[in-house]
Amino acid sequence: MLLNPEPLISAERIAARVAELAAQIRADYAGRRPLLLGVLKGAAFFTADLARALEMDVDLEFVRARSYVGSRSGGDVSVSRMDDLKIAGRHVLLIEDIVDTGRTLSLLCGRLLDCEPASLALCTLLDKPGRREVPVRVDYAGFEIENQFVVGYGLDYEERYRHLPGVHLLEVDEG
Ligand code: IMP
């Protein structure tokens, strides 16, 4: 797999879009204190940037979900760090790096709804609607992308490339 050195989405575009999403979320949650629930590890940077751009009173928690092996969806999704969360009665905003097949989110949303939040909404930096296998309702999406594998700004390939400030395509090495 080869990293395309030219970002598909630059750090500047991400920052501008994060500011737009934050303005929308701030307006929608006016008068409430949402619980931002970031999904580790991929959404760590997005959650941190969004939390700061919101400039409103929020609570911040993280869960861990794993579904990918290399660049293929493993099918099985495992969720951890859910046990200590206090979800009941809270306005939960789940923050993901990318929605691909929708399996991770569908499972996570099911687990969260069992805990009876006052509301549950979903915010993702990237959306690949063409890959959807399970329907999920995305309330806030940063960018829609094609059916390509991307890394950077938290997203990885076998734990590499998370640190890149922009989002890059990872292309199959034809050589
Ligand atoms: P889903 O369950 O198939 O929707 O996959 C969601 C998870 O798969 C995301 O949270 C990512 O961790 C991972 N994922 C999906 N597409 C990509 C990609 O293009 N690059 C890196 N990780 C991805």
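So, how was this worked out
Residues numbered from 1 in each chain as written. Predicted model: local features only at pLDDT ≥ 70, side-chain atom pairs only at ≥ 80, totals over all residues. Heavy atoms only, no water. Helix = DSSP H or I, 4+ residues; strand = E, 2+ residues; numbered from the N terminus. Rg over C-alpha atoms; globule rule 2.2 N^0.38 Å. Buried < 20%, exposed > 50% of the residue type's maximum accessible area, 1.4 Å probe, protein only. Contact = heavy atoms within 4.5 Å. Areas by Shrake-Rupley, 256 points an atom, 1.4 Å probe, with all protein chains shown as cover. Lys, Arg positive; Asp, Glu negative; His and termini not counted. Charge placed at Lys NZ, Arg CZ, Asp CG, Glu CD. Salt bridge = Lys/Arg side-chain N within 4 Å of Asp/Glu carboxyl O. Pairing = 2+ DSSP bridges. Near = heavy atom within 4 Å. Polar contact = N/O pair within 3.5 Å; in protein donor to acceptor, adjacent residues only side chain to side chain. Nonpolar A, V, L, I, M, F, W, Y, C, P; charged D, E, K, R; others polar. Axes fitted to C-alpha atoms, helices over the stretch in contact; angles between N-to-C directions. Parallel < 35°, antiparallel > 145°, perpendicular 65-115°, else oblique. Left-handed = near helix turned anticlockwise from the far one by under 90°.

J.: Teacher, can you tell me more about the overall build of the chain here?
T.: When you go through the chain residue by residue, the secondary structure sums to three helices and nine strands. Along the chain, helices and strands appear, N-terminal first, in the series β-α-β-α-β-β-β-α-β-β-β-β. Scaling as 2.2 N^0.38, a compact globule of 175 residues should have a C-alpha radius of gyration of about 16 Å, and the chain matches this with 16 Å. Evaluated residue by residue, the chain yields a buried proportion of 45% over its 175 residues. Intrachain contacts of the chain at a sequence separation of at least 6 include 68% that bridge at least 24 residues. Carbon and sulfur atoms provide 47% of the accessible area of the chain, an area that totals close to 9000 Å². Within the chain, the 28 negative side-chain charges are centred at a point lying 4 Å from the centre of the 21 positive side-chain charges.

J.: Help me out: how do you make sense of the pattern of salt bridges in this one?
T.: A full pass over the atoms with the stated rule returns 12 salt bridges. Linking Arg-90 and Asp-59 is a salt bridge whose minimum nitrogen-to-oxygen distance equals 2.7 Å. Here Arg-90 is found in the loop between strand S4 (72-80) and strand S5 (91-99), whereas its partner Asp-59 is found in strand S3 (residues 59-69), with 31 residues between them in sequence. Overlapping salt bridges bring together Lys-41, Asp-156, Glu-159 and Arg-162 as one network.

J.: Help me out: how do you make sense of the pairing of strand S9 (residues 168-171) in this one?
T.: Side-chain positions along a regular strand alternate between the two faces of the sheet. In this sheet, S9 lies alongside strand S1 (residues 2-3) in antiparallel orientation, the contact comprising two bridges. Bridge pairing in S9 places Leu-3 opposite Leu-170. Summarising the sheet, strand S8 (residues 150-151) and S9 pair through two bridges and their orientation is antiparallel. Bridged to Val-151 within S9 is His-168.

J.: Before we go on, may I ask you to explain the sheet that holds S1 in this structure?
T.: In sheet architecture, strand pairing relies on hydrogen bonds along the backbone and comes in two forms, parallel and antiparallel. The three strands lie next to each other as S1-S9-S8, forming an open sheet whose pairing is antiparallel. The two strands at the open ends of the sheet, each matched to only one other strand, are S1 and S8.

J.: I would appreciate a short explanation of the site of the ligand in the present structure.
T.: Surveying the vicinity of the ligand reveals 16 residues, the closest of which are Asp-97, Thr-101, Gly-102, Thr-104 and Val-150. Thr-104 places a side-chain nitrogen or oxygen 2.4 Å from an oxygen atom of the ligand. For the shell around the ligand, the class distribution of residues is five nonpolar, five polar and six charged.

J.: Explain the environment of Glu-158 to me, please; I cannot follow it from the model alone.
T.: The residue Glu-158 is located in the loop between S8 and S9 in this model. Here the alpha-carbon distance between Glu-158 and Gly-142, two residues 16 residues apart in the chain, equals 24 Å.

J.: Can you help me understand the packing of helix H1 (residues 11-28) against helix H2 (residues 44-54) in this one?
T.: The angle between the axes and the distance between the axes are what describe a pair of packed helices. Contact pair H1 / H2: the axes reach a minimum separation of 9 Å and the direction vectors enclose 55 degrees. Relative to H2, H1 is oriented oblique. Of the two elements, H1 crosses H2, and the hand of that crossing is right-handed. Contacts between H1 and H2 involve Val-18, Leu-21, Ala-22, Ile-25 and Arg-26 on the former and, on the latter, Phe-46, Asp-49, Leu-50, Ala-53 and Leu-54. Residues that form the contact of H1 with H2 fall into these classes: eight nonpolar, no polar and two charged.

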